[in-house]
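Geometric and topological summary
Chain by chain, the residues run as shown.
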Amino acid sequence: MRAATLETVPGAPAVTELETPRPEAGELLVKVAAAALNGFDRAVAAGYLQGMMEHRFPLVVGKDFAGTVEALGEGVDGFAVGDAVFGVVAKPYLGPGSLAQYITVPAAHGIVAVPEGLSMRDAGALGLAGTAALDSLNAVALDKGETVLISGATGGVGALAVQLAVARGAKVIATARPGAAAEFVTGLADAEVHVVDYTGDLETQVRPLTPDGVDALVHLAGDGVLLAGLLRPGGRMVSTVGFDPSTVESRDVTVHTLMADPNTQTLRTLAEGAASGALRVPVTAVYPLEQAPDAFAAFNAGHLGKLGISVA
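Residues numbered from 1 in each chain as written. Predicted model: local features only at pLDDT ≥ 70, side-chain atom pairs only at ≥ 80, totals over all residues. Heavy atoms only, no water.

The six strands are arranged β13-β12-β11-β14-β15-β16 in an open sheet whose pairing can be described as parallel. The sheet is open, and its two edges are formed by β13 (193-196) and β16 (253-257), each paired on a single side. On average, adjacent strands in this sheet sit at an angle of 20° to one another, irrespective of strand direction. As judged from the five bridges shared by strand β14 (residues 214-219) and strand β15 (residues 231-239), these two strands associate in the parallel manner. Along β15, the bridge assignment pairs Val218 with Val238. Relative to strand β11 (residues 147-151), helix α4 (residues 156-167) is tilted by about 170°, and along the sheet it contacts β11, β12 (171-175) and β13. (Pairing = 2+ DSSP bridges. Helix = DSSP H or I, 4+ residues; strand = E, 2+ residues; numbered from the N terminus. Axes fitted to C-alpha atoms, helices over the stretch in contact; angles between N-to-C directions. Contact = heavy atoms within 4.5 Å.)

And the structure:
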């Protein structure tokens with residue numbers, strides 16, 4: 001099979017030929033139709049996860065996937081050959097990734113059926129970013145009428161978090177550069193989204209919108225300490241980028257550090273929203289598998305939204 005692999009880290013992925021894997025007990029073999037890039041993949045290629053997770057080379061990159069079940073490992077039930085499925089690679093080590101023609105994944109976690117109305121392209125870009133977005137809003141218990149600041153709103157997680165926050169009836173303030181990036185963010189939802197320029201003075205832009213400070217902060221990018229200063233007393237913050245809570249421990253705020261958990265219920269909730277049209281998966285470009293290195297280059301350059309990979 002063809003796959004985008006790393007021979008070492010730090011490194012750049014290349015498309016190479018590998019043997020098609022076989023499912024072990026409790027696993028599914030999935031023929032991949034679509035996948036996508038995430039910040040996690042960039043971190044793996046940069047070598048940031050060395051010492052944190054086992055690396056098995058050649059390492060196939062990619063976490064998101066959508067495709068069809070090709071074979072069942074011993075002891076698997078609830079799935080059948082030919083089922084359309086999507087999810088997130090949920091193995092405790094790095095090596096089997098989704099930027100490949102085939103992948104083996106645990107049947108018990110990180111995979112659900114693709115509902116009618118959800119395309120393979122969108123399903124293949126929904127799992128990890130959608131889970132991080134939903135888990136983030138749940139972590140800060142965002143409620144109707146509250147104000148949330150989403151930093152890093154132009155990425156996959158941020159773009160989905162904006163939509164999910166609007167759906168909860170929250171007042172959304174999002175960071176983005178003026179121009180195309182700001183237009184991308186304001187076009188994500190029917191309700192008004194206030195965009196502030198993170199390259200400028202955030203204090204002078206945010207305070208007029210919420211003089212007492214924001215109720216919640218979803219920290220996906222930027223200076224966490226500076227952003228935490230925009231919270232009201234008693235405000236809540238969640239960070240997906242390794243923010244150290246001790247840096248703001250003197251303030252009256254609650255900080256959550258998040259590792260997304262793509263469990264069955266979360267993936268089904270996201271899939272239902274996307275299939276109904278209530279949630280738009282922000283895929284802005286799709287690259288064939290053979291051009292995965294070009295997709296990585298575009299991702300590293302700060303491309304808006306999600307970059308999909310077409311495998312089929």
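Formed by 46 residues in total, the largest nonpolar core has its most connected members in Phe86, Leu126, Val148 and Ile150. Elements with a contribution of two residues or more to this core: α3 (127-139), β11, α4, β12, α5 (180-186), β14 and α8 (264-276). Looking at this core element by element, the count peaks at seven residues for α4. If we ignore the near neighbours within four places in the chain, the residues touching Ile150 are Gly158, Ala161, Val162, Ala165, Val172, Ile173, Ala174, Thr175, Val218 and Leu220. (Core = buried A, V, L, I, M, F, W, Y, C linked by side-chain atoms within 4.5 Å. Buried < 20%, exposed > 50% of the residue type's maximum accessible area, 1.4 Å probe, protein only.)

With that settled, the discussion passes to the pairing of strand β1 (residues 2-6). Summarising burial for β1: four of the five residues are buried, a large majority. Both β1 and strand β5 (residues 59-60) contribute to a ladder of two bridges, which runs antiparallel. Residue pairing for β5: Thr5 is matched across the bridge by Val60.

Okay, the packing of aromatic side chains next. Applying the stated criterion to the full structure yields zero aromatic pairs. In this structure, Arg56 is placed above the aromatic ring of Tyr93, and the distance from its NZ or CZ to the ring centre is 3.6 Å. The ring of Phe40 has Lys63 sitting right over it, with the charged end atom 4.9 Å from the ring centre. (Phe/Tyr/Trp six-rings, centres within 6.5 Å; stacked < 30°, edge-to-face > 60°. Lys NZ or Arg CZ within 6 Å of the ring centre and 35° of its normal.)

Tallied over the full model, the rule gives nine salt bridges. Residue Glu290 is joined to Arg2 by a salt bridge in which the shortest nitrogen-to-oxygen separation is 3.0 Å. In this pair, Glu290 sits in the loop between β17 (283-288) and α9 (292-300) while Arg2 sits in strand β1, placing the two residues 288 residues apart along the sequence. Residue classification places Arg2 among the partly exposed positions, given a relative accessible area of 25%. With a closest N to O distance of 3.1 Å, Lys306 and Asp64 form a salt bridge. (Salt bridge = Lys/Arg side-chain N within 4 Å of Asp/Glu carboxyl O.)

Our next topic: the sheet that holds strand β2 (residues 14-17). The antiparallel open sheet is built from three strands, whose spatial order is β2-β1-β5. The two strands at the open ends of the sheet, each matched to only one other strand, are β2 and β5.

A few words now on α3. The terminal C-alpha atoms of α3 lie 18 Å apart, and with 13 residues this matches the ideal 18 Å at 1.5 Å per residue to within 8%. What α3 keeps buried is the set Gly127, Leu128, Ala129, Gly130, Thr131, Ala132, Ala133, Leu134, Asp135, Ser136 and Leu137. Phi for Ala141, located one or two positions after α3, is positive at around 50°. (Expected span 1.5 Å × (residues − 1).)

The interhelical angle for the contact between α3 and α8, taken along N-to-C directions, is 100°, at an axis separation of 10 Å. Considering their axes alone, α3 and α8 lie roughly perpendicular with respect to each other. Only Thr266, Leu267, Thr269 and Leu270 of α8 make contact with α3, whose side of the interface consists of Gly127, Gly130, Thr131, Leu134 and Asp135. Along the lines of polarity and charge, the residues of the contact of α3 with α8 split into three nonpolar, five polar and one charged. (Parallel < 35°, antiparallel > 145°, perpendicular 65-115°, else oblique. Nonpolar A, V, L, I, M, F, W, Y, C, P; charged D, E, K, R; others polar.)

Moving on: the pairing of β13. Pairing of β12 with β13 involves four bridges; the strand directions are parallel. Each residue of the ladder has a partner; that of Ile173, found in β13, is His194. After leaving β12, the chain enters α5 and then returns to the sheet as β13, a path that is right-handed. (Right-handed = clockwise from strand over helix to strand, strands pointing away.)

On to the environment of Glu74. On the secondary structure map, Glu74 appears in the loop between β6 (64-72) and β7 (84-88). You can call Glu74 exposed: its relative accessible area is 68%. Apart from residues no more than four positions distant in its own chain, Glu74 is found in contact with Glu24, Ala25 and Gly26.

Here Ser136 shows up in helix α3. Owing to a relative accessible area of 1%, Ser136 belongs among the buried residues under this scheme. Residue contacts for Ser136: discarding those within four places in its chain leaves Val218, Val238, Thr240 and Leu258.

Assignment of secondary structure puts Asp197 in the loop between β13 and α6 (202-206). Within the buried set, Asp197 has no salt-bridge partner at all; the shortest N-O distance to an opposite charge, 5.8 Å, is to Arg177. Polar side-chain contacts of Asp197 include one of 2.6 Å to the side chain of Thr199. Setting aside chain neighbours within four positions, we find Asp197 in contact with Ala176, Arg177, Pro178, Leu202 and Gln205. (Lys, Arg positive; Asp, Glu negative; His and termini not counted. Polar contact = N/O pair within 3.5 Å; in protein donor to acceptor, adjacent residues only side chain to side chain.)

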